[in-house]
Amino acid sequence: MSMRVFVAGGSGVLGQRLVPQLVARGHQVTATTTSKGKLNLIKAAGADAVVMDGLDGASVGEAVALAKPDVIVHQMTAISMTHAGKPDIKHPDRWFAQTNRLRTEGTDHLLAAAEAVGVPHFVAQGYASWNGIREGGWVKTEEDPLDLLEGTAAYVGLKALSRIEDLVLKIGGAVMRYGAFYGPGAIDDQVELVRKRQYPLVGKGTGYSSWVHLDDAASATVLAVEQKVTGVFNIVDDDPAPASAWLPYLAECAGAKPPMRVPVWLARPLAGDQAVVMMTEGRGFSNAKAKKELGWELRYPSWRQGFKAELAAS
C-alpha cells in the first residue's frame with residue numbers, strides 16, 4: 001500500500017539511500033534539505049523536494065502541513081564537513097553541537113507538526129554502535145540500558161538521543177538505533193585518517209562496536225515505515241567486533257599500513273574519553289529483534305564484506 005512519507009533530512013548520507021528505496025516501493029515521498037543546491041538531488045531520486053530549517057518551528061510546521069504525510073521519518077543531522085567541520089572526537093559536544101540541536105529542538109518541532117496535522121506514525125534515528133552499558137557481556141539487546149557517558153563531553157549528545165527515544169516511544173513511534181554507518185560518503189574522513197596512520201588503536205582495542213551499511217540501514221527503515229512498528233530496534237549487522245579486529249581490517253581494505261597503537265594514558269588527553277571508551281570498553285549490539293520482527297535481511301551481514309566492497313569501489 002502506497003504511503004505518503006515525509007523524510008526530514010533527505011539529503012544526508014542515509015537520506016540519499018533511504019529516499020530512492022521508498023520511491024522504488026511505490027511510496028509518495030517528500031524529502032527535506034537545508035540547501036537549495038540539493039533540491040535536484042532529491043528530485044532525481046523521484047521525491048518531492050523541500051527546503052526546510054529543522055530549527056525553525058514555522059518552517060517545519062509549514063513543510064509537514066503541505067506534505068500531509070502518513071509517517072514522518074526524522075533523519076536530520078549536521079555532521080558533514082560543511083556543517084560541522086573536521087571530525088573532533090575529543091570534543092563531541094562541539095562537533096555535534098548543531099546535530100544535538102536538531103535532535104532536541106528539531107525533534108520537538110517535528111513532533112509538534114505531527115500532532116498539528118494528525119500524522120499517525122513517527123520513525124526517528126537513534127544510535128547503537130559502542131554505547132551499550134559497560135557491564136556484563138560485550139553484545140547488548142534493546143532491553144539493555146545505553147551508556148550516556150555522564151560527566152564526559154559525549155554526554156550532551158548521548159542524552160539528546162536518549163530523550164528522542166523517550167519522546168517517540170511515548171507517542172507509539174519507532175526508534176531505529178543505527179550502528180556506525182559506512183557506505184557512500186559515510187566514512188571518507190575516517191579512511192583518510194587511516195591512510196595517514198592518524199587513527200590508532202587505543203590500548204588493546206578490546207572495545208566492541210557495531211556497524212551497518214547505509215543501504216541496510218535504509219532497508220530496515222523502509223520496513224519500519226511500512227509495518228508501522230513501535231518500539232526500539234537495533235539496526236546493526238551480524239558481526240559486532242572489537243576495535244582490534246575491525247580497524248586493522250579497515251586499514252587493509254584501504255591499502256594502508258596497520259594502525260599504530262597508543263596507550264590509554266596517552267589517548268585520553270589526545271583523543272578524549274569517548275575514544276578511549278569506544279576502543280577499550282565499548283559494547284556492541286544484537287540485531288536479532290530487528291531481523292525477527294521486521295523480517296529484515298542484510299545485504300552486508302558483516303563489515304568484513306562491506307568494507308572490502310565499498311573500498312574496492314572507491
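Trainee: I'd like a description of the overall build of the chain, backed by residues and values.
Mentor: Helices and strands together make up the secondary structure of the chain, namely 14 helices and 15 strands. Here the C-alpha atoms of the chain give a radius of gyration of 19 Å, agreeing with the 20 Å that 2.2 N^0.38 yields for 314 residues. Counting across all 314 residues of the chain, residues that qualify as buried make up 52%. Considering only intrachain contacts with a sequence separation of at least 6, the fraction spanning at least 24 residues in the chain is 80%. Working note: accessible area of the chain is about 13800 Å², and carbon and sulfur atoms make up 52% of it.

Trainee: Could you give an account of the packing of helix α1 (residues 15-24) against helix α9 (residues 214-227), naming the residues involved and the relevant values?
Mentor: For any two helices packed against each other, the geometry comes down to the angle between their axes and how far apart the axes lie. Look at α1 against α9: their axes get within 9 Å of each other, and the N-to-C directions meet at 45°. With respect to their mutual orientation, α1 and α9 come out oblique. The interaxial crossing formed by α1 with α9 has right-handed handedness. Together, R17, L18, Q21 and L22 of α1 and L214, D215, A218, S219, T221 and V222 of α9 make up the contact between the two elements. Its residues assigned to classes, the contact of α1 with α9 comprises five nonpolar, three polar and two charged.

Trainee: Could you give an account of the pattern of salt bridges, naming the residues involved and the relevant values?
Mentor: Taken as a whole and assessed by the stated rule, the structure comprises 13 salt bridges. A salt bridge links D108 to R163, with the nearest nitrogen and oxygen atoms 2.9 Å apart. Residue D108 is located in helix α6 (residues 97-117), and its partner R163 is located in helix α7 (residues 155-170); the two are separated by 55 residues in the primary sequence. Its salt-bridge partner being R177, residue E165 comes within 2.7 Å of it at the nearest N-O pair. Residue E165 is located in helix α7, and its partner R177 is located in strand β7 (residues 174-178); the two are separated by twelve residues in the primary sequence. Looking at E165, the relative accessible area reads 10%, which means it is buried.

Trainee: Go over α1, please, and point to the residues and values.
Mentor: Taken as a whole, α1 has its buried residues at G15, L18, V19 and L22. Here the buried residues of α1 occupy an arc of 100° about the axis, which is enough to place them on one side. In the core, the buried residues of α1 are packed alongside β1 (4-8), β2 (28-33), β4 (71-74) and α9. Positive backbone phi, at 90°, marks G26, one or two positions downstream of α1.

Trainee: How would you summarise the nonpolar core if you had to cite specific residues and measurements?
Mentor: Where a protein is soluble and globular, its nonpolar side chains tend to be buried together. The biggest cluster of nonpolar side chains holds 68 residues, and the ones touching the most others in it are V5, V7, M176, I235, W246, L294 and W296. The element contributing the most residues to this core is α9, with eight residues. Not counting the four nearest positions on each side in its chain, L294 is found in contact with M176, A220, L223, A224, Q227, V229, F233, I235 and K289. Listed in part, the 23 residues of the second largest apolar core include A8, V64, V175 and V232.

Trainee: Break down unusual backbone geometry for me, citing the residues and quoting the values.
Mentor: You will see that K68, though not glycine, has its phi angle at about 45°, which is positive. In this structure, K68 sits in the loop between α3 (57-67) and β4. The residue R197 is not glycine, and still its phi comes out positive at about 60°.

Reading the values: the criteria
- Residues numbered from 1 in each chain as written.
- Predicted model: local features only at pLDDT ≥ 70, side-chain atom pairs only at ≥ 80, totals over all residues.
- Heavy atoms only, no water.
- Helix = DSSP H or I, 4+ residues; strand = E, 2+ residues; numbered from the N terminus.
- Rg over C-alpha atoms; globule rule 2.2 N^0.38 Å.
- Buried < 20%, exposed > 50% of the residue type's maximum accessible area, 1.4 Å probe, protein only.
- Contact = heavy atoms within 4.5 Å.
- Areas by Shrake-Rupley, 256 points an atom, 1.4 Å probe, with all protein chains shown as cover.
- Axes fitted to C-alpha atoms, helices over the stretch in contact; angles between N-to-C directions.
- Parallel < 35°, antiparallel > 145°, perpendicular 65-115°, else oblique.
- Left-handed = near helix turned anticlockwise from the far one by under 90°.
- Nonpolar A, V, L, I, M, F, W, Y, C, P; charged D, E, K, R; others polar.
- Salt bridge = Lys/Arg side-chain N within 4 Å of Asp/Glu carboxyl O.
- Arc of directions from axis to C-beta.
- Core = buried A, V, L, I, M, F, W, Y, C linked by side-chain atoms within 4.5 Å.

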